[in-house]
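# Chains, contacts and geometry: an overview
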Amino acid sequence: MKLKSLSWNKIIKDLFIFAVLILIILIFTLLSAKFLRVQNITNLLRNSAPIIFVSSSLTLLMISGHVDLSVGGILSLSACTYAVLLQRGVPYLWAILAVLAMGCLMGLINGFLVVKLKIVPVISTLATMNFFWGLARLMVPAKKDLIKEGLPKDIDNFARQDFLFGIPLSFYVAIIGVIILVILQRKTILGKYAAAIGGNSTSASLSGINVALTVQSLYVIVAFFSAVAGLTRASYMKAGDPKAGIGMELDAIVAVLLGGTSFFGGSGSVLKTVVAAFVLICLTVGMSVIGTEPYWQTLIKGIVLIVALIINHQLTEKVKD
Amino acid sequence: MNKVTVKTKVSNSTFINISMLGVLLLFMIVAALIAPRFFDITNFANVISQQANLIVVGIGITFLLITGNFDLSVGGVIAFAGVLIAYFSQSADSGSDIVLGNGLGMNYGLAIVLTLVACLLIGAINAFFIVKMKVASVIITLGTMAVSRGIAMVAAKGALRNVGLPDVFKELGRISIVGPINLPVIIMVVLVALALVIEKKTLFGKRMYLIGANKEAALLSGIDVGRQLTVLYLLSSLFAGITGIIMASKFNAGIAATAQGTEFEVLVVTVLGGTSISGGFGSVISLVLGAYILGVLSNTLNLMGLPPDIQTVVKGIVIIVAVILQRLALSRREN
């Protein structure tokens, strides 16, 4: 009997974030007929790619008990580098490969600071955030805000133009990225090692797991996906904007936590993070559809996070009982 | 033998403080060499007063870090306090047409009290979630950061409140002792002195270190960890509130977007000064040293005429190098 109720609560906890998403969609649909219009949904999916890339990869890292605050900086620097390369006439393929390689390099730097130099992730990635962001700003010509001139006209094919069913390619790439990350988390040794390290780093190390290599790889994965997010933003905005990634670290972390990943690591789910990311996007898009002034957004997001914490806490208590 | 080594060696904490003081002096010498204007009395006083607000907010954060907890809500609370104090003291009927022109028309003293109470409420929410609901401090203070900033945004419609403020409103920010040595500097000196006494001489201070070093042991030895953390979170919000009120007075406006990123700046200077982010280790002295190392660096880069973008990059590098050097120095000592 007890066992049965326990599993029920676990199911409720597992489905919680899905329920929140459905509830939010319902509320906005009731408030405005425009919310479920094709045009709005297309717009919503088009805007969702960057946060999906960043938050889903960040989940793996946070399961291992580490964090990366530099994702926004990586995004900005990647977007600006991409724009500068295209501006100089570098073909798409080489520009994309160069940006992705640079993304991996930034991940190596973060991993090196955390793993080899043992600087607490919050501090080391805060410093690299400043560093990457500053480099991105330096790429912009003096007295300009964006890298915009001389970019090829079809730069927005990836993130803005119709690829299939009116939705651009970037969204489908994001879905493929999520599938890869879900497989990495659930089916591969990397995902198991990440959870073991997050659960207890010392015992993971004692049981023969190469903690340094695992964490280093996770930082590279996060940086790689953040670089892809940077390409997406540059394509969507048709410009390299050093401000493109500002606040991304916060949105991504909120999505990961809302999805039920523990901040101290050990457990979590990439899939639930993606659902939580959609909760955040639906909130943002929904509020603008019903005509709320943009200055309400911060407050609403904060309240959603706190309410989610309370409900999550209640559910966890019940599972424990 | 053992006793002798213990006597001749200073503690790790003192060692880090002395080294960081050395770094600060080095930076000042370098500053004076490349930018002769550095020691101009006005420039020097500016450096001192520019970091005052950061240090006042940093005291609460340092204490919390010593216990192994974070408070990311301070930047939001500064904006929250600034907009609230403006809203409370704006005249109720200023005769202006714009919505943001009218406030509650309270007496300024009453407005200060109510604003600080509201800030304490944010601190109480933080404490409740961390102590009673066992939520990670990073997460809940991220939530209250959004809520406090969000309320400021809504109350100022994403902009600022600066119409119909009483004359007394701008006085706090203008009180000056000598040149740029102003009220924030006085408050900073008083609070830092108080904090040092609390940290070194009181039971309350000793408990902070114990909780940070080993929470279980602290609980088992009968320390009311919950009460201690509650007091510290209330203090942190209170200091942020005071800073918010003074900054609003200086700008003569309640600005919703003010103090963005303060929480991270404070973290950077505390860690730069040598406070451990994982608890049990640190001091308000570290905070002051860290704040002035960064302050002198910024000022020098400014005097050299470097654009802010390069400054961001240089700061990122300096922070990393400083933290690496601290780690190396400590591990060499231990060997």
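Residues numbered from 1 in each chain as written. Chains lettered and ligands numbered in written order. Predicted model: local features only at pLDDT ≥ 70, side-chain atom pairs only at ≥ 80, totals over all residues. Heavy atoms only, no water.

### Description of the overall build of chain B
Along chain B, the regular secondary structure elements total 15 helices and four strands. Against the 2.2 N^0.38 benchmark of 20 Å for 335 residues, chain B shows a C-alpha radius of gyration of 21 Å, consistent with a compact globule. Taken over the C-alpha atoms alone, chain B extends approximately 80 × 55 × 35 Å along its principal axes. Across the 335 residues of chain B, 53% fall into the buried class. If you take every contact in chain B between residues at least 6 apart in sequence, the share linking residues at least 24 apart comes to 76%. Counting every atom, chain B has about 14400 Å² of accessible surface; 68% of that belongs to carbon and sulfur. (Helix = DSSP H or I, 4+ residues; strand = E, 2+ residues; numbered from the N terminus. Rg over C-alpha atoms; globule rule 2.2 N^0.38 Å. Buried < 20%, exposed > 50% of the residue type's maximum accessible area, 1.4 Å probe, protein only. Contact = heavy atoms within 4.5 Å. Areas by Shrake-Rupley, 256 points an atom, 1.4 Å probe, with all protein chains shown as cover.)

### Remarks on the packing of helix α13 (residues 262-273) of chain B against helix α14 (residues 284-303) of chain B
All names here are of chain B. The N-to-C vectors of α13 and α14 enclose an angle of 110 degrees; their axes lie 7 Å apart at closest approach. Judged by the inter-axis angle, α13 sits roughly perpendicular to α14. Here α13 contributes Val268, Val269, Thr270, Leu272 and Gly273 to the contact with α14, which in turn contributes Ser286, Leu287, Gly290, Ala291, Ile293 and Leu294. Taken together, the residues of the contact of α13 with α14 sort by class into seven nonpolar, four polar and no charged. (Axes fitted to C-alpha atoms, helices over the stretch in contact; angles between N-to-C directions. Parallel < 35°, antiparallel > 145°, perpendicular 65-115°, else oblique. Nonpolar A, V, L, I, M, F, W, Y, C, P; charged D, E, K, R; others polar.)

### A look at the packing of helix α6 (residues 108-132) of chain B against helix α7 (residues 137-155) of chain B
Residue and element names in this part refer to chain B. As a packed pair, α6 and α7 sit with axes 9 Å apart at the nearest point and diverge in direction by 155 degrees. Judged on the interaxial angle alone, α7 and α6 are roughly antiparallel. The crossing of α6 and α7 is right-handed. Contacts from Ile122, Ile125, Asn126, Phe129 and Ile130 in α6 reach Ser137, Ile140, Thr141, Thr144 and Ser148 in α7. Residues that form the contact of α6 with α7 fall into these classes: five nonpolar, five polar and no charged. (Left-handed = near helix turned anticlockwise from the far one by under 90°.)

### Thoughts on the interface of chain B and chain A
On the chain A side, the residues contacting the 36 residues of chain B number 35 residues. Our count for the chain B to chain A interface comes out at zero salt bridges. Scanning the region where chain B abuts chain A turns up one residue pair in polar contact (both at pLDDT 80 or more). Of all the elements in the fold, those that place two or more residues in the side of chain B that touches chain A are α7, α13 and α15 (308-334) of chain B. The element contributing the most residues to the side of chain B that touches chain A is α7(B), with 14 residues. Broken down by class, the residue content of the side of chain B that touches chain A amounts to 26 nonpolar, six polar and four charged. (Salt bridge = Lys/Arg side-chain N within 4 Å of Asp/Glu carboxyl O. Polar contact = N/O pair within 3.5 Å; in protein donor to acceptor, adjacent residues only side chain to side chain.)

### Description of the packing of aromatic side chains
Residues and elements named next belong to chain A. A complete count under the given rule lists 11 aromatic pairs over all chains for this structure. With a centroid separation of 6.0 Å and 75 degrees between ring planes, the pair formed by Phe171 and Tyr172 is classed as edge-to-face. Across this residue pair, the class does not change: Phe171 and Tyr172 are buried. An aromatic cluster of at least three residues, connected via ring pairs, comprises Phe53, Phe224 and Phe225. (Phe/Tyr/Trp six-rings, centres within 6.5 Å; stacked < 30°, edge-to-face > 60°.)

### A few points about α6(B)
Working note: α-helix, 3.6 residues per turn, so residues spaced by three or four point in the same direction. Relative to the 36 Å expected for 25 residues at 1.5 Å per residue, α6(B) spans 35 Å between its end C-alpha atoms, a close match to the ideal helical length. In this structure Asn107(B) caps α6(B), since a side-chain oxygen of it lies 2.7 Å from the backbone nitrogen of Gly109(B). (Expected span 1.5 Å × (residues − 1).)

### Considerations on empty space enclosed by the protein
This model, assessed by the stated rule, comprises three cavities of 30 Å³ or more. Its boundaries defined by the atoms lining it, the largest cavity holds a volume of some 140 Å³. For the lining of the largest cavity, the elements supplying multiple residues, two or more each, are α10 (248-258) of chain A together with α7 of chain B. The leading source of residues in the lining of the largest cavity is α10(A), at three residues. Here the residues of the lining of the largest cavity are counted per class, giving 11 nonpolar, no polar and one charged. Its volume calculated, the second largest cavity comes out at about 40 Å³. As for the second largest cavity, its lining consists of Ile78(B), Gly82(B), Gly244(B), Met247(B), Ala248(B), Phe251(B), Ala253(B), Ile255(B) and Thr258(B). The set of elements that each furnish at least two residues to the lining of the second largest cavity consists of α5 (74-89) and α12 (225-251) of chain B. In terms of residues, the lining of the second largest cavity owes the most to one element, α12(B), which gives four residues. In the lining of the second largest cavity, the residues fall into six nonpolar, three polar and no charged. (1 Å grid on protein atoms, 1.4 Å probe; cavity = no way out; pocket = protein on both sides within 12 Å on 5 of 7 lines; lining within 4 Å. Points joined across faces, edges and corners; volume = space filled by probe spheres on them.)

### With respect to the environment of Met237(A)
Within the secondary structure, Met237(A) is located in helix α9 (residues 211-237). Sequence separation between Met237(A) and Leu61(A) is 176 residues, and the spatial gap between their C-alpha atoms is 28 Å.

### So, the environment of Ala252(A)
Residues and elements named next belong to chain A. Here Ala252 is to be found in helix α10. Judged by its relative accessible area of 0%, Ala252 falls in the buried class. Between the C-alpha atom of Ala252 and that of Ile51, which follows or precedes it by 201 residues, the distance is 6.4 Å.

### Concerning unusual backbone geometry
All names here are of chain B. The backbone phi angle of Lys134 is positive, close to 55 degrees, even though this residue is not glycine. Located in the positive-phi region is Lys157, a residue other than glycine, with phi close to 50 degrees. Structurally, Lys157 is set in the loop between α7 and β1 (160-161). The class for Lys157 is partly exposed, based on a relative accessible area of 37%.

### Quick word on a nonpolar patch on the surface
Residue and element names in this part refer to chain A. Among the surface-exposed residues, Trp8, Ile11, Ile12, Leu15, Phe18 and Leu271 lie close enough to one another that they form a single nonpolar patch of about 550 Å² accessible area. It is helix α1 (residues 2-31) that contributes the most residues to the nonpolar patch, five residues altogether. In this structure, Leu15 sits in helix α1. For Leu15, a relative accessible area of 48% puts it in the partly exposed group. (Patch = residues over 30% accessible without salt bridge, like charges linked within 9 Å, V, L, I, M, F, W, Y side chains within 5 Å.)

### Side note on the side chain of Ser73(B)
All names here are of chain B. Within the fold, Ser73 resides in the loop between α4 (52-66) and α5. According to the relative accessible area criterion, Ser73 is buried, its value standing at 0%. A polar contact of 3.3 Å, which involves the side chain of Ser73, links it to the side chain of Asn126. When residues no more than four places from it in sequence are discounted, the contact partners of Ser73 are Asn126, Thr141, Thr144, Met145 and Ser148.

Geometric descriptors of this kind do not, in isolation, establish any biological role.
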